[in-house]
Amino acid sequence: MLDFLPPPGDNARSCGPGPFSMADPDTVRQQLKIAGFTDIGFGRNDGPVEVGDSVEEAVRFQLALGPAGEVFREAGEEAERQRPDIEAALRKALTSFEQGGRIVMGSSSWTIVARKSHG
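Residues numbered from 1 in each chain as written. Predicted model: local features only at pLDDT ≥ 70, side-chain atom pairs only at ≥ 80, totals over all residues. Heavy atoms only, no water.

A. Region of interest: unusual backbone geometry. The phi torsion at D39 lies on the positive side, around 50 degrees, for a residue other than glycine. Residue placement: D39 occurs in strand β1 (residues 38–52). Under the relative-accessibility criterion, D39 is labelled exposed at 56%. (Helix = DSSP H or I, 4+ residues; strand = E, 2+ residues; numbered from the N terminus. Buried < 20%, exposed > 50% of the residue type's maximum accessible area, 1.4 Å probe, protein only.)

Right, here's the structure in full:
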């Protein structure tokens, strides 16, 4: 995406916490400590995730969520002007993840365990 558009600024409009908001264990650990949790542990889970039933659906998904979506939203009119080229580049990149007509990519998530004393 950054081949086409500038990175979002410090005051970027965000669609909320989103699926990547808890990716950094240090940040999440600090949030949990502030909330009074102890014995904080992280377990990494890797696996496939379907991002579209087709390349076109996956392109829409990429432009709506996550880092690519944020860059696209923040660029506003410039992003819309370049939409055909951006979508073509995404289509080309996403076809390598095609499995049986669906777009399946690798994914990681955390299982987080923590304790909080009451009293």
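And the narrative resumes.
B. Seen up close, the packing of helix α2 (residues 55–64) against helix α3 (residues 66–75). For the pair α2 and α3, the least separation of the axes is 5 Å and the interaxial angle reads 70 degrees. Compared by their axis directions, α2 and α3 come out roughly perpendicular. Seen from α2, the contacting residues are Q62, L63 and A64; seen from α3, they are A68, G69, F72 and R73. (Axes fitted to C-alpha atoms, helices over the stretch in contact; angles between N-to-C directions. Parallel < 35°, antiparallel > 145°, perpendicular 65-115°, else oblique. Contact = heavy atoms within 4.5 Å.)

C. Representation of α2 in the model. Regarding α2, the residues found buried are V55, A58, V59, Q62 and L63. What you see down the axis of α2 is that its buried residues fit within an arc of 135 degrees, all on one side. At its buried positions, α2 is contacted by β1, α3, α4 (77–94), β2 (98–99) and β3 (102–115). Of the residues flanking the end of α2, it is G66, one or two places downstream, whose phi is positive at about 70 degrees. (Arc of directions from axis to C-beta.)

As far as function goes, none of this settles anything; it's purely spatial.
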